[in-house]
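Given next are the chains, with one letter for each unit.
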Amino acid sequence: CDNVKLEDCAAPLSAYARRVKQVQDELAILHGPDSPLAKVQNVVVTSDERDPEWWAEVHKLGWLGTNEFDEEIGTKYGRW
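Just so we're clear, the structure is a prediction, and the values are computed from it rather than from any experiment.

Draft legend 1. A look at the pattern of salt bridges. Within the structure shown, the criterion is met by three salt bridges. Linking R19 and E26 is a salt bridge whose minimum nitrogen-to-oxygen distance equals 3.6 Å. Taking the relative accessible area as the measure of exposure, R19 reaches 42% and is therefore partly exposed. When its relative accessible area of 45% is taken as the criterion, E26 is described as partly exposed. Measuring nitrogen to oxygen at the nearest pair gives 2.7 Å for the salt bridge that ties D25 to K21. Taken together, the residues D25 and K21, both in helix α2 (residues 13-31) and four residues apart, mark about one turn of the helix.

Right, here's the structure in full:
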């Protein structure tokens, strides 16, 4: 963000959470509430953010960060 305050250049996690909920709701409408496609719960966050408090907030939302995702992919398919 160069010389711009972080809160002025990056959306807060609450905005992402709101959008994730919107997509989940749209999937339920599109596929029906009982469809497995409507019950997507996994969210993977990719970021170059280094602030551990920010990542703690990501984890509080129940989302996976890139490190956890990379480890899971590495375990299943080998390192890239």
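Draft legend 2. Structural detail: the packing of aromatic side chains. Per the counting criterion, the structure on display carries one aromatic pair. Taking 4.8 Å as the distance between ring centres and 90° as the angle between the ring planes, the aromatic pair formed by W54 and W55 counts as edge-to-face. You can call W54 partly exposed: its relative accessible area is 22%. Exposure remark for W55: the relative accessible area of 13% places this residue in the buried category.

Rules used throughout
Residues numbered from 1 in each chain as written. Predicted model: local features only at pLDDT ≥ 70, side-chain atom pairs only at ≥ 80, totals over all residues. Heavy atoms only, no water. Salt bridge = Lys/Arg side-chain N within 4 Å of Asp/Glu carboxyl O. Buried < 20%, exposed > 50% of the residue type's maximum accessible area, 1.4 Å probe, protein only. Helix = DSSP H or I, 4+ residues; strand = E, 2+ residues; numbered from the N terminus. Phe/Tyr/Trp six-rings, centres within 6.5 Å; stacked < 30°, edge-to-face > 60°.

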